[in-house]
Amino acid sequence: MIKKKETVAMLLAGGQGSRLHLLTERIAKPAVPFGGKYRIIDFPLSNCINSGIDTVGVLTQYQPLALNEYIGNGQPWDLDRTYGGVRTLPPYQAQKRADWYKGTANAIYQNIHFIDKFDPDYVVILSGDHIYKMNYAEMLESHKKNGADCTIAVFDVPLAEASRFGIMTTDSEMRITEFTEKPKEPKSTKASMGVYVFNKDKLFSYLEADEADENSSKDFGKNIIPAMLAAGEKLYAFEFSGYWKDVGTIDSLWEANMDLLGDRPTLSLKDREWRILSRNDAMPPHYVGSGAVVNNSIITEGCEIYGTVINSVLSAGVIVERGAVVRDSVVLGNVTLKAESTVDYSVIDSDTVVGVNAVIGKEKVLSKGITLVGGGLDIPDGTVIPDGVICGSEMLAELSAEKEGK
Amino acid sequence: MNAVGIIFSSMNEKSVYELTKERTMASVPFGCRYRLIDFALSNMVNSGITHVGLITHYNYQSLMDHIGSGKDWDLARRHGGIKILPPYITAFANNDNALYSTRLEALISIREFLSECKEELVVLSDCDTVCNLDLSDMIEQHIASGADVTLGVKSSYVSSDNSRDVTVINSDENGRVTDVADYSGIKSGFADILVRINIIGKKYLEEIINDSIARGYHSFTYDIIRRNCRFDDIRVYKFDSYFAAIRSIGDYYSCSMDLLDPEIRRSLFAVRNRPVFTKVRNSAPTSYMEGAIVRNSLIADGCVIQGTVENSILFRGVKVGKNTHIKNSIIMQDTLTGENVYLNCVITDKNVVIRDGRVLSGHETKPFFIDKGSFV
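Residues numbered from 1 in each chain as written. Chains lettered and ligands numbered in written order. Predicted model: local features only at pLDDT ≥ 70, side-chain atom pairs only at ≥ 80, totals over all residues. Heavy atoms only, no water.

In this section: the interface of chain A and chain B. Contacts between the two partners involve 36 residues from chain A and, on the opposite side, 39 residues from chain B. In total, chain A and chain B occlude about 3000 Å² of area from one another, counting both sides; carbon and sulfur atoms represent 44% of this. When the buried surface of chain A facing chain B is broken down by residue, Lys270, Pro285 and Tyr287 of chain A rank first, second and third, together holding 20% of it. Taken together, the links from chain A to chain B amount to four salt bridges. (Contact = heavy atoms within 4.5 Å. Buried area = accessible area lost by both parts, 1.4 Å probe. Salt bridge = Lys/Arg side-chain N within 4 Å of Asp/Glu carboxyl O.)

Structural data, given as structure tokens:
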């Protein structure tokens, strides 16, 4: 017998995140590493368990292997449950149809039976693209208090950026009067965070209607929400004022990592009341050698630092050899920076080896932009990778050929 | 693997009474994020032993917190897995002798557990040792030699000042044990010392236990091994990788400081396919602030460093205040140091608070120890 759950969360984790380029070549965006020992999906998953939601469906589609493996049985998040827990929900073949998830709404529609099994009153829809710490229970409280059919979490964004988001107009009671996806001339700065609470029955009926509509793009923002508004359903906004960041681009991912630094970081992961949980390998503590300099940085297990690390975030197992310098950078797991190499204002994907005397990027103040270096590369000694480029294996081959030519 | 592991969580506790006042030997914190039992358990798990009985004594609360269901060692299992064996005291035998004091007595008290085990071999291990060993090699040798018992030994330099509780094993050229003796302190030099990781046939062990009950034997090493080595096949297995036994607070200090040596660190933590597992605590990474200076130190996650740390071991969640200088010290979990503190050769137990401006110093041979939860 399945026990009834008041709330089931559905986490949309199928996004490709193409603006993260090389970082999402082999893994889905929610599996992208963040903050030394986390992945983006740790944030919504930890928020769920910290908010008392113990039943989570994770909808996967693009490059699901790393994500499936990472989530596993959900044990790191305390989501390995006999009743409920976390399930990954890939697209599947049924008797009459076999479909990829065609849009966010369609992805949920295809998994209606999963939700229904738990007979919930409320369904929380989340996305695996954002870094934030949020108590969904408070949002659910407000949803119940308002007697809403749907509540959408909103975040106040600068007016200049508002046209990148779904923008809500509300009355004084926070009831939504208008919703426009990426408006050219935004009427408000209340941006949708992609966090929704629905009454289950309402959600199901709109999903079914939307599925039947051939012209629909099967998307929550574009179809479901406008349809509900048009029909006069009670939609409310829930204002969230904590830290929230869409890490959809290399720049925003870099910024979010930098937000962890400083005496009073904008985003703190040390909050014991709201722990962000993650799956960790068994790695020894990190070692800082005699000649090392480490300033305004965060470093985690398995690292060995003999060189200089300034304003940077290092993931597990990074080795910075003697004389190597890394500044204003995000270095992902198991990267080795060999002796006398220099890394400035860059993001380096996991398992890459940066050769002796290699130079990556340019000092931040002089740089054209962030340099992104792909994973698993073996960068030859003395290679120079210019600032503001995206360097994968092809570009590396070109750079090496050029160097040979000289 | 056709072997069951038995871990003695509480042997030799008196030797490091500072650390074992409120915990078992097994749960003594070590190396930034580990507890001593992690080494014994990881050795077993990495050698394919997935059924482990953990013999407890007094004060095993902290040990149970650490082990939990055993999932961090992949020992939360329907078949086998880790079983905590609480002290065997019945309502009717509530006399002074109820609680065991030797390994043999402990084994007698877990007869029930042993008789349920289907494995043919038993691996017995203490947890006062820091090592990363491939036990399957030892098990293979045990099977191939047809021995009744195989004793783990390590060739070590013994002298009167470092070898108080050391047992020396003499063996012939075939590895057969010829004698077992306490180190007498007369001669200094290299000798094979007993490391208390032993393999024994389950049937043979059960015979020993029954024999001991009948004859009132107490000591596994002296009553059984020394007596039986003359007529049974008892052999040695020589460990050659890094190995440290913690028999005093001085040993604890020097063995901890050994971790600052890259070779030793590698031989413990960077062995292929043999990671050291421990309980996951989900600390955030460590933050180095503006002005932090860190040299030759091993640091766990969850720390915040504003001052200077030199030749030291920092456990999880330690805070080092501004202008504070910590050197040659071991600072355990969640210790907070204020500003302008100076510590040299200090060991702080968990949750210690050192207020602003305090100056404390011990010596390498006699580190200054601060009790759990103290305010200085």
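Attention now goes to the sheet that holds strand E27 (residues 359-360) of chain A. Residues and elements named next belong to chain A. An order of E15-E18-E21-E24-E27-E30 is seen for the six strands of this open sheet, with the pairing classed as parallel. Pairing within the sheet leaves two strands with one partner each, and these edge strands are strand E15 (293-295) and strand E30 (384-385). In terms of strand pairing, E27 meets E30 through two bridges, oriented parallel. Within E30, the position partnered with Val359 by the bridge is Val384. (Pairing = 2+ DSSP bridges. Helix = DSSP H or I, 4+ residues; strand = E, 2+ residues; numbered from the N terminus.)

Residues and elements named next belong to chain B. Buried residues of helix H6 (residues 135-145): Leu135, Ser136, Met138, Ile139 and His142, and no others. Down the axis of H6, the sector holding all buried residues measures 155 degrees, keeping them to one side. Exposed and facing more than 90 degrees away from the buried side of H6 are Glu140 and Ala144. Remark: Gly146 follows H6 within two positions and exhibits a positive phi of approximately 70 degrees. (Buried < 20%, exposed > 50% of the residue type's maximum accessible area, 1.4 Å probe, protein only. Arc of directions from axis to C-beta.)

Counted according to the given criterion, the structure contains 21 aromatic pairs over all chains. Summarising the aromatic geometry, the rings of Tyr38 of chain A and Phe43 of chain A are spaced 6.2 Å apart at their centres and angled 55 degrees between planes, so their arrangement reads as tilted. On the basis of relative accessible area, Tyr38 of chain A is assigned to the buried category, the value being 3%. For the pair Phe165 of chain A and Trp244 of chain A, a centre-to-centre distance of 6.0 Å together with 50 degrees between the ring planes defines the contact as tilted. Residue Phe165 of chain A is located in the loop between strand E8 (150-156) and strand E9 (166-170), and its partner Trp244 of chain A is located in strand E13 (residues 244-246); the two are separated by 79 residues in the primary sequence. Assigned by exposure class, Phe165 of chain A and Trp244 of chain A land together as buried. Grouped by ring-pair contacts, the aromatic residues Tyr132, Tyr136, Phe155, Phe165, Phe240 and Trp244 of chain A constitute a single cluster. The ring of Tyr70 of chain A carries the charged tip of Arg39 of chain A above its face, separated from the ring centre by 4.9 Å. The residue whose ring lies beneath Arg265 of chain B is Tyr287 of chain A, and the NZ or CZ to ring-centre distance is 3.8 Å. (Phe/Tyr/Trp six-rings, centres within 6.5 Å; stacked < 30°, edge-to-face > 60°. Lys NZ or Arg CZ within 6 Å of the ring centre and 35° of its normal.)

Here the focus is the pairing of strand E6 (residues 121-126) of chain B. Put simply, side chains in a regular strand alternate between the two faces of the sheet. Residues and elements named next belong to chain B. Among the six residues in E6, six count as buried, and that is most of the element. Direction of pairing for strand E1 (residues 3-8) relative to E6: parallel, over a ladder of six bridges. From the neighbouring strand, Val4 faces E6, where its bridge partner is Val122. By the bridge criterion, five bridges tie E6 to strand E11 (residues 189-201) in an arrangement that is antiparallel.

So, on to unusual backbone geometry. Although it is not a glycine, His21 of chain A adopts a positive phi angle of roughly 50 degrees. Within the fold, His21 of chain A resides in the loop between strand E1 (7-12) and strand E2 (33-34). In this model, Asp334 of chain B sits at a positive phi of 60 degrees, which is unusual for a non-glycine residue. Look at Asp334 of chain B and you get buried, because its relative accessible area is 12%.

Moving on to the domain arrangement of chain B. Residue and element names in this part refer to chain B. Structurally, chain B comprises domain 1 (3-269) and domain 2 (287-370). Between domain 1 and domain 2, the C-alpha centre-to-centre distance is 32 Å. Both faces considered, domain 1 and domain 2 share a buried interface measuring about 1700 Å² in area, 70% of it formed by carbon and sulfur atoms. Taken as a group, Cys32, Tyr253 and Leu260 account for 42% of the area that domain 1 buries against domain 2, more than any other trio of residues on that side. Where domain 1 packs against domain 2, one counts one salt bridge. For Asp349, the salt bridge goes to Arg23, with nearest N and O atoms at 2.8 Å. (Domains from an automatic or database assignment.)

Attention now moves to the sheet that holds strand E24 (residues 342-344) of chain B. Each strand in a sheet pairs with its neighbour through backbone hydrogen bonds, running either in the same direction (parallel) or in the opposite one (antiparallel). Residue and element names in this part refer to chain B. The strand order E15-E18-E21-E24-E27 describes an open sheet built from five strands, whose pairing is parallel. Where the open sheet ends on each side, the last strands, each with one partner, are strand E15 (293-295) and strand E27 (359-361). Between one strand axis and the next, the sheet turns by 5 degrees as a mean value, whatever way the strands run. Both strand E21 (residues 325-327) and E24 contribute to a ladder of three bridges, which runs parallel. Note on E24: the bridge partner recorded for Lys327 is Asn344. (Axes fitted to C-alpha atoms, helices over the stretch in contact; angles between N-to-C directions.)

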